[in-house]
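Coordinate inspection notes
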Amino acid sequence: QESVPQLWGIPLKYISLVTLAVQNASLTIIMHYSRVSTSPSRSYSAASAVLLNELLKGFISLAIAFYRIDDHGPHHSPQRGQALHWLQPHAFVFRCRRLGREIFSPDCWKLSIPATLYVIQNNLQFVAASNLEAATFQVSYQMKILTTAAFSVALLRRRLNATKWAALTALALGVGIVQIQSGSGNGHANGHVHQMNPVKGLVAVVAACFTSGLAGVYFEMVLKGSQADLWVRNVQLSLFSLLPALLPIMASSSRQNGLSLSSAFANFGGWAWATVLTQVFGGLVTALVIKYSDNILKAFATSISIVLSFIASVILFNFQVTTSFLVGASTVLAATWLYNQPDDKLPSQLPKLVAG
Ligand code: C5P
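Residues numbered from 1 in each chain as written. Predicted model: local features only at pLDDT ≥ 70, side-chain atom pairs only at ≥ 80, totals over all residues. Heavy atoms only, no water.

The protein chain has the name UDP-galactose transporter in an unreviewed UniProt entry, where Sanghuangporus baumii is given as its organism. As stated in UniProt under Subcellular location (unreviewed entry), the record for the protein chain gives "Membrane". (UniProt positions renumbered as here; feature names shortened; annotations may be inferred.)

Structure (structure tokens):
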């Protein structure tokens, strides 16, 4: 069992969970603003943002995996111990070869499933963020706790007691109550009025909850079912994301005048970049959370971010607070608290399931 690393004496597990909550709230706000602050005809391509996200995450994970290669596996690169030894030709080639072998390992295909699901989910998030108020999107997206729990029970054989199931039911209720208030609305930002379609937004968010639960649990299953390094798994995830992320870009460019970098990245301004960078950061933190905690804890930690998004939405987007929003959001928070009440810990049978 790998020891849990610490940063300034605090377990990385807690740092990553809190970081993820703040990242989630920021992403909702930044993504929503980036979509509603211009008219749809001048909006950037969500598919290109998803592709860029995967490319950046892939490169960062590759760099970390390359740097860390001596920390896992039985073989160490030559001249280990000398300063910057990995820059020396022998050690560099050795590392490249070893990393290549790890990335293209016989079981790398397993990552194709979460990779495809995450690409679909990341595209759906843009649809939801464009058609729902930021706070409504944030609360509705908490339904992923339900899907994550269901997939954890089904795939990882996790067992949940009656209190936890009650908390999950309360959560679904809370999300439903929040939905009551979201009639058709307009996003006002930067002087533009962006017409939103809440039904389209809700369908997108429900679908994203399913892919989130399944992809997260599947990634956890693959990650914890083998000794492979987290960053190597992340590189594999990004590699398998490239094709599904490229498909919608190629489809839309074939409808226009062919594939060109300038059309794929048209209207890609500061807010689009901020959205992509926040997503990249979130993806890397999510991977750490899944490694050092688990998906159910991750889903509950992010529900804290609804309070942050809510306050920011009121200030930034003139979000109208209604009684149903307050009742729904409080129910979600109470459910989060209830779910996290300690119970007699039931062991997970995870590793046995995925071995081989
Ligand atoms: O909403 P949810 O928490 O499921 O979103 C997870 C996000 O983290 C997705 O955008 C996914 O692409 C990203 N991710 C990642 N690397 C992982 C696991 C998830 O980039 N290993």
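Focus on the UniProt feature "transmembrane region" (unreviewed entry) in the protein chain
UniProt annotation of "transmembrane region" (unreviewed entry) refers to residues 165-182, 202-219, 231-251, 271-290 and 297-317 when read in the numbering used here. The annotated region residues 202-219 carries 100% helix and 0% strand content, and the separation between its end C-alpha atoms amounts to 25 Å. Helix makes up 100% of residues 271-290 and strand makes up 0%, while its end C-alpha atoms are separated by 28 Å. (Helix = DSSP H or I, 4+ residues; strand = E, 2+ residues; numbered from the N terminus.)

Structural notes on the nonpolar core
Core analysis: the biggest nonpolar cluster contains 78 residues, and Leu 99, Phe 126, Phe 137, Phe 219, Leu 230, Phe 268 and Phe 325 have the highest contact counts within it. Per-element tally for this core: the top contributor is helix α8 (residues 198-224), with 11 residues. (Core = buried A, V, L, I, M, F, W, Y, C linked by side-chain atoms within 4.5 Å. Buried < 20%, exposed > 50% of the residue type's maximum accessible area, 1.4 Å probe, protein only.)

A closer look at the site of the ligand
Close to the ligand lie 14 residues; Lys 57, Asn 122, Tyr 141, Ser 212 and Lys 298 are nearest. Relative to its free-state accessible area of 470 Å², the ligand is covered by the protein chains to the extent of 94%. Placement of the ligand is best described as lying within the largest cavity. Its residues placed into classes, the shell around the ligand shows five nonpolar, six polar and three charged. (Near = heavy atom within 4 Å. Areas by Shrake-Rupley, 256 points an atom, 1.4 Å probe, with all protein chains shown as cover. 1 Å grid on protein atoms, 1.4 Å probe; cavity = no way out; pocket = protein on both sides within 12 Å on 5 of 7 lines; lining within 4 Å. Sits in = over half its atoms within 2 Å of the grid points. Nonpolar A, V, L, I, M, F, W, Y, C, P; charged D, E, K, R; others polar.)

With respect to the packing of helix α1 (residues 12-36) against helix α4 (residues 112-131)
Direction vectors running N to C along α1 and α4 enclose 70°, while the axes themselves pass 8 Å from each other. Taken together, the axes of α1 and α4 are roughly perpendicular relative to one another. Contacts between α1 and α4 involve Leu 27, Met 31, His 32, Arg 35 and Val 36 on the former and, on the latter, Gln 125, Phe 126, Ala 129 and Ser 130. In terms of residue class, the contact of α1 with α4 is made up of five nonpolar, three polar and one charged. (Axes fitted to C-alpha atoms, helices over the stretch in contact; angles between N-to-C directions. Parallel < 35°, antiparallel > 145°, perpendicular 65-115°, else oblique. Contact = heavy atoms within 4.5 Å.)

What to know about the packing of aromatic side chains
Two aromatic rings, taken as a pair, are described by how far apart their centres are and by the angle between their planes. In total, this model carries seven aromatic pairs according to the counting rule given. Ring centres of Phe 268 and Trp 273 lie 5.7 Å apart, and the angle between their planes is 80°; on these two criteria the pair is classed as edge-to-face. An aromatic cluster of three or more residues is present, and its members are Tyr 44, Phe 126, Phe 265, Phe 268 and Trp 273. Positioned over the ring face of Phe 66 is Arg 95, at 5.7 Å from the centre of the ring. Against the face of Tyr 141 rests Lys 144, its NZ or CZ located 4.0 Å from the ring centre. (Phe/Tyr/Trp six-rings, centres within 6.5 Å; stacked < 30°, edge-to-face > 60°. Lys NZ or Arg CZ within 6 Å of the ring centre and 35° of its normal.)

Focus: empty space enclosed by the protein
A complete count under the given rule lists one cavity of 30 Å³ or more for this structure. What the largest cavity holds in volume is close to 500 Å³. Of all the secondary-structure elements, those providing two or more residues to the lining of the largest cavity are α1, α2 (46-68), α4, α5 (134-140), α8, α9 (230-255), α11 (270-292) and α12 (295-303). Per-element accounting of the lining of the largest cavity gives the leading share, six residues, to α11. Grouping the amino acids of the lining of the largest cavity by side-chain chemistry returns nine nonpolar, 18 polar and four charged. (Points joined across faces, edges and corners; volume = space filled by probe spheres on them.)

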